[in-house]
Amino acid sequence: ATNVLARGIDIIQVTLVINYDLPLTKNGRPDPETYIHRIGRTGRANKTGTAYTFITPDEERHAPDLVRALTQSNNPVPPDLEKMANDYKEKMNK
């Protein structure tokens, strides 16, 4: 239902989106397009809003993709998320 709402219904009053999980593709990879559509619900009709996404240490492998999606959409990257992504990349390079 979340993905359907992210793409098809325009509710002007939405000012907050909370992602309790990261949208993933059928292959279990992060789905940046769906993520951007979800958080885009807060910025309709020249309005601004806030989007939160919960990401746990068990999901750290997705942190670099989330950082990339935020960067490509000109959104700020929270320092804790950037650290998680960098730590994960460092761990994978060992």
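Here's a quick rundown of the structure. Just so it is clear, the model here is predicted, and its values are computed rather than measured.

Quick notes on the rules
Residues numbered from 1 in each chain as written. Predicted model: local features only at pLDDT ≥ 70, side-chain atom pairs only at ≥ 80, totals over all residues. Heavy atoms only, no water. Helix = DSSP H or I, 4+ residues; strand = E, 2+ residues; numbered from the N terminus. Buried < 20%, exposed > 50% of the residue type's maximum accessible area, 1.4 Å probe, protein only. Contact = heavy atoms within 4.5 Å. 1 Å grid on protein atoms, 1.4 Å probe; cavity = no way out; pocket = protein on both sides within 12 Å on 5 of 7 lines; lining within 4 Å. Points joined across faces, edges and corners; volume = space filled by probe spheres on them. Nonpolar A, V, L, I, M, F, W, Y, C, P; charged D, E, K, R; others polar.

Let us now look at the overall build of the chain. Broken down by element type, the chain carries four helices and two strands. Each helix and strand of the chain, placed in order from N terminus to C terminus, yields the pattern α-β-α-β-α-α. Looking at the chain as a whole, 28% of its 94 residues are labelled buried. Expressed as a percentage of contacts within the chain between residues at least 6 apart in sequence, the contacts between residues at least 24 apart total 61%.

Our next topic: empty space enclosed by the protein. Taken as a whole, this structure holds one cavity of 30 Å³ or more when the rule is applied. In this model, the largest cavity occupies a volume close to 60 Å³. Lining the largest cavity, in full, are L22, P23, P30, D31, P32, Y35, D65, L66 and A69. Listed by contribution, the elements that provide at least two residues to the lining of the largest cavity are α2 (32–39) and α3 (63–72).

Position of N19 relative to the elements: it lies in strand β1 (residues 16–19). For N19, a relative accessible area of 2% puts it in the buried group. Excluding residues that lie within four positions of it along the chain, N19 makes contacts with Y35, R38, I39, Y52, T53 and F54.

Looking now at the layout of surface pockets. In this structure, the largest pocket encloses a volume near 420 Å³. As for the largest pocket, its lining consists of 16 residues, of which Y35, A51, L70, P76 and P78 are closest to the centre. Here the lining of the largest pocket gets four residues from one element, more than from any other, and that element is strand β2 (residues 50–53). Within the lining of the largest pocket, the residues separate by chemical class into 10 nonpolar, five polar and one charged.

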